Amino acid sequence: MEPTRQALREELLYDKTNKCVQCGYCLPVCPTYTTFGKETHSPRGRINLVKMVGEGRISDLSVLEEPFDLCLGCRACETACPTGVEYGAILEATRAAIVRRKRFTVPVRLLRKAMLKKVFPSRKLMNLAGHSMWLYEKSGLQTALRRSGVAEKLPYNLGAFEAIVPRAVSPGERGSAAAHVRSRKEKKYTVAFFTGCIMDAMFHRINRLSIQLLAEAGCDVLVVPNQTCCGALHAHAGEMEEARELAKRNIEAFEASQADFVVNNAGGCGAMLVEYGHLLAEDDAWRERAAAFSAKSRDISQILAECGVPQLAPRANERVTYQRSCHMTNVQKVTREPVELIKSIPGIQYIEMEQAEMCCGSAGIYNIVHYDASMQILDEKMKQAKKTDASVIITTNPGCLLQMKLGVEREGLSGSVRVLHLVEYLAEAAGITASSDK
Amino acid sequence: MNWKALTADHLTEIKSIVATGRVLTDESDRYSYSFDGSFGTFLPDVVIQTKSVQELAALVKLANREKIPVYPRGQSTSLSGGPLPVKGGMVFDLSVMNDVLEIHEEDLVAVVSPGVLTAEIHKAAEQKGLMYPPDPSSSHVSTIGGNLAENSGGPRGLKYGVTKDYVIGLEVITPEGEIIQTGGRTVKNVTGYDLTKLIVGSEGTLGIITKAVLRLIPKPQQTATLMAIFDSLVDAGSAISKILSSGILPSKMELLDQASMTAVEQYEPLGLPVDAAALILIELDGHPLALREEAQQAAELSRAVGAREVRIAKDKKEEAELWRARKLVSPAIVRIKPTKISEDATVPRSKIPEMCERLQAIRERYGIHLVVFGHAGDGNLHPNIICDKSDPDEMRRVEQAVAEIFKAAVELGGTLSGEHGIGTMKAPFMEMELGACGLDMMKRIKQAWDPNQIMNPGKIFPEPGQKLELS
């Protein structure tokens, strides 16, 4: 049975769309509007489509599908909005409503179920993914695949990504990660480190460097067991129940640690963690616990900037630019600290990109499921990146890190431009190496 | 007038004309071009995006032959309904025509295509030490084409006037699909009728602007800002008149009433005097030595008419802090209730205090949340009514209040619109300001230019019995 108009309005958070006065201030900051050049791909346009459904002028939700599918969810529009429209909430509610009504083809349905419900939340499976990458690299399969040209024929353009995945970490080393690392100087805080799912599988090395940096800066670092995926990919795919379930598991796992802060190094995950309070606001049993958890969530740059990273060796003549993580900028509102940390490295020259806040097009798995759209957005970003003439591009989120590497590769700049996570760059300047580097 | 609906054959012809652009017909696209920053949703049959003036002209020829309405559109920030496709037909999205932006220093002109953002013109001119004065608050998102069509203003209007004062030449597609040039690149140009001035502010009803030559001026060396605080709104109005008649010409003079200040303080505490009745923000520009003296003089004049406090900014940082209050008014007031009716009725400067009194009376008579702020220096107050469009009873009172505001402005020798244009929203009041014969002269011009009435129909001219409807 079709839901009543009132029920549909509630489901799509129609009341929140009323705050939009259609002033268009969101247009110049929206990466999909500026890249695709259609109001249909602007925040104002998308909000209007929800209004039209709420007012009964559009009855078929599939009309909304493409405009909402192609949104990166970067939420730059929220930062630009003069009236405080909660675009993120409208986006998630609308996607959930579309997903609820959509009949995916069997393989897509199975893949969604497998990835979202089984793989990302499972430490075991994500570890396995990490092991497989290592095996893939060490077994010679990678070389064979690259040489044979098979990589280019992989579905979803995965071949493009194949060339840029980071060096894998051996299962032995992965297993040996300590659960408790003591501060290297007088202790300032006890922090619980959020390892993340993809971050830990693909960027295990960055996680280890993060823990070392935190210890150098004066933190006792705990890696609490039973933590799981943050749920961001689920929320963005419209699987809200799944996202809430994961949030609860994380809250429980971290509450036990009694740490001063929950520290993450992935802009996208961090954005989800600071929103657990909103995510569970309607749940009487969890509301307060979720809010308390979110209040303790910090990006690693915030802790490092506060505690200070010791002994950064001067670097000669390096030109550095910083590709901001949208979720860190627009949701966590952490913008000052990463730049301060970069600038604190002696001898570097920091150059801000034009349109620094514009999304790079990575956006979770957007670059895989909407490859062509994502590459158009990336090409715009690379125009600005190239203008800075930087030899190092810093990022603070795994998705951005891979995407910018891909951008550098596409521009044929991989010989002259390095793309690094802020943590890698700081560790390099502080002379810290992960054991896999040795 | 009988406009025709778009047929499948028309669409085929449109697609054959548009060789370099896009023809959008999906429902999601059509709805996305059905609104602007004002009220109402009107579905176009088709949306066309092309940078080619020839293709656009050919489409207008088709429209004229087949009597299909066409509507030029920029980024649709209009507050009066200017780009709304009220009779269906074709929307031309001119925001894609953004590739020409030339600054010619030696001629002191800029040549621009209509999709260029106004702020981009500001930036390009400033890089050469020049200034394009019109500065609508939406300039970072509004296109120059839209500014030209609506004859936009902005805070600097007080000293520098509105868009029409800076346009010297245009390239225009006529409603019959011809491409013509008006004016030129010279400041002095008195050849024949001034079609340039006629088209600027014609709200897209006489043609489609595809290129413009804009006049630039040297950028003033420096600015100075002061804030004067008053215990009575009428005193604030008097201060504005006093300063303006003293020989000082500020670049901006903005007014905030108590309701605006309270809203800002609740939104983001800035330390505004919420117990005061009003404040005015004054910006002066020019030579640094002259500025210092003028700022002192403006402060003394304000005190003489009852300002209880005057703050003068010492540096750029303090200047920005003082202006922050004005910037936050719009976002702050919509936190009170979701619907905002932003009016721009304008009165002669000397009538500002009287207009302030009338507005207070209207607020009380209709029991509405009326906030007054705006470009008081040029008489362009922005009485904003904050309401809830889902409350039909309140909206009926708002409709009556809006009509009263227009009546008050016109009775005081003012006008319906200082900078937003007439569009659909103010059409019902046109005769009140112009009289039947005055309005008829405008209609005859429209008839001569656009015999088939295809160019942005439903704007400026009221239909028989048309009333302002907000509910």
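Preceding this paragraph is the structure being described.
Residues numbered from 1 in each chain as written. Chains lettered and ligands numbered in written order. Predicted model: local features only at pLDDT ≥ 70, side-chain atom pairs only at ≥ 80, totals over all residues. Heavy atoms only, no water.

(A) Structural detail: the overall build of chain A. Each helix and strand counted, chain A has 26 helices and nine strands in total. By the compact-globule yardstick of 22 Å for 438 residues, chain A fits well, its C-alpha radius of gyration being 22 Å. Buried positions account for 57% of the 438 residues belonging to chain A. Taking all contacts inside chain A whose residues are at least 6 apart in sequence as the whole, residues at least 24 apart take part in 79%. For chain A, the exposed surface amounts to about 18500 Å²; the carbon and sulfur share of it is 52%. Positive and negative side-chain charges in chain A, numbering 56 and 50 respectively, have mean positions lying 2 Å apart. (Helix = DSSP H or I, 4+ residues; strand = E, 2+ residues; numbered from the N terminus. Rg over C-alpha atoms; globule rule 2.2 N^0.38 Å. Buried < 20%, exposed > 50% of the residue type's maximum accessible area, 1.4 Å probe, protein only. Contact = heavy atoms within 4.5 Å. Areas by Shrake-Rupley, 256 points an atom, 1.4 Å probe, with all protein chains shown as cover. Lys, Arg positive; Asp, Glu negative; His and termini not counted. Charge placed at Lys NZ, Arg CZ, Asp CG, Glu CD.)

(B) View of the interface of chain B and chain A. Chain B puts 32 residues into the contact, and the matching count from chain A is 28 residues. Together, the buried faces of chain B and chain A total about 2400 Å²; carbon and sulfur atoms form 50% of this surface. Taken together, the connections running from chain B to chain A amount to two salt bridges. As a salt-bridge pair, B:Arg73 and A:Glu39 come within 2.9 Å of each other at their nearest N and O atoms. If you look at where chain B meets chain A, you find 16 residue pairs in polar contact (both at pLDDT 80 or more). Among the elements that take part in the side of chain B that touches chain A, helix H2 (residues 27-32) of chain B stands out by supplying five residues, more than any other. (Buried area = accessible area lost by both parts, 1.4 Å probe. Salt bridge = Lys/Arg side-chain N within 4 Å of Asp/Glu carboxyl O. Polar contact = N/O pair within 3.5 Å; in protein donor to acceptor, adjacent residues only side chain to side chain.)

(C) Quick peek at the sheet that holds strand S9 (residues 179-183) of chain B. Residue and element names in this part refer to chain B. Read across the open sheet, the five strands follow the order S5-S6-S10-S8-S9; overall the sheet is antiparallel. Lying at the two open borders of the sheet, with one neighbouring strand each, are strand S5 (101-104) and S9. Averaged over all adjacent pairs, the angle separating strand axes in this sheet is 15 degrees, with direction ignored. Of the pairings in the sheet, the one linking strand S6 (residues 109-112) to strand S10 (residues 208-215) comprises four bridges and is antiparallel in character. From the neighbouring strand, Val112 faces S10, where its bridge partner is Ala212. Sitting on the sheet, helix H4 (residues 118-127) is in contact with S5, S6 and S10, with an inclination near 35 degrees to S5. (Pairing = 2+ DSSP bridges. Axes fitted to C-alpha atoms, helices over the stretch in contact; angles between N-to-C directions.)

(D) How the structure looks around the sheet that holds strand S4 (residues 90-93) of chain B. Residue and element names in this part refer to chain B. With mixed pairing, the four strands of this open sheet are ordered in space as S1-S2-S4-S3. One side of each edge strand has no neighbouring strand; the edge strands of this open sheet are strand S1 (22-24) and strand S3 (70-73). For this sheet, the mean angle separating the axes of adjacent strands, direction not counted, is 20 degrees. In terms of strand pairing, S3 meets S4 through four bridges, oriented parallel. Across the sheet, the residue bridging to Tyr71 is Val91, located in S4. Sheet strands in contact with helix H3 (residues 53-66) are strand S2 (46-49), S3 and S4, and its direction is about 165 degrees off that of S4.

(E) Representation of the side chain of A:Gln22 within the structure. Residue placement: A:Gln22 occurs in the loop between helix H2 (14-17) and helix H3 (31-36). Within the local environment of A:Gln22, its side chain forms a polar contact with the backbone oxygen of B:Asp36, the two atoms lying 2.6 Å apart.

(F) Structural view of helix H12 (residues 352-366) of chain B. Residue and element names in this part refer to chain B. Along its 15 residues, H12 runs 21 Å from first to last C-alpha, staying within 8% of the 21 Å computed at 1.5 Å per residue. Within H12, the full set of buried residues consists of Ile352, Pro353, Met355, Cys356, Leu359, Ile362 and Tyr366. The secondary structure elements touched by the buried residues of H12 are helix H8 (233-245), strand S17 (369-375), strand S18 (380-387) and helix H13 (392-411). Directly beyond the C-terminal end of H12, a positive phi value near 55 degrees is found at Gly367. (Expected span 1.5 Å × (residues − 1).)

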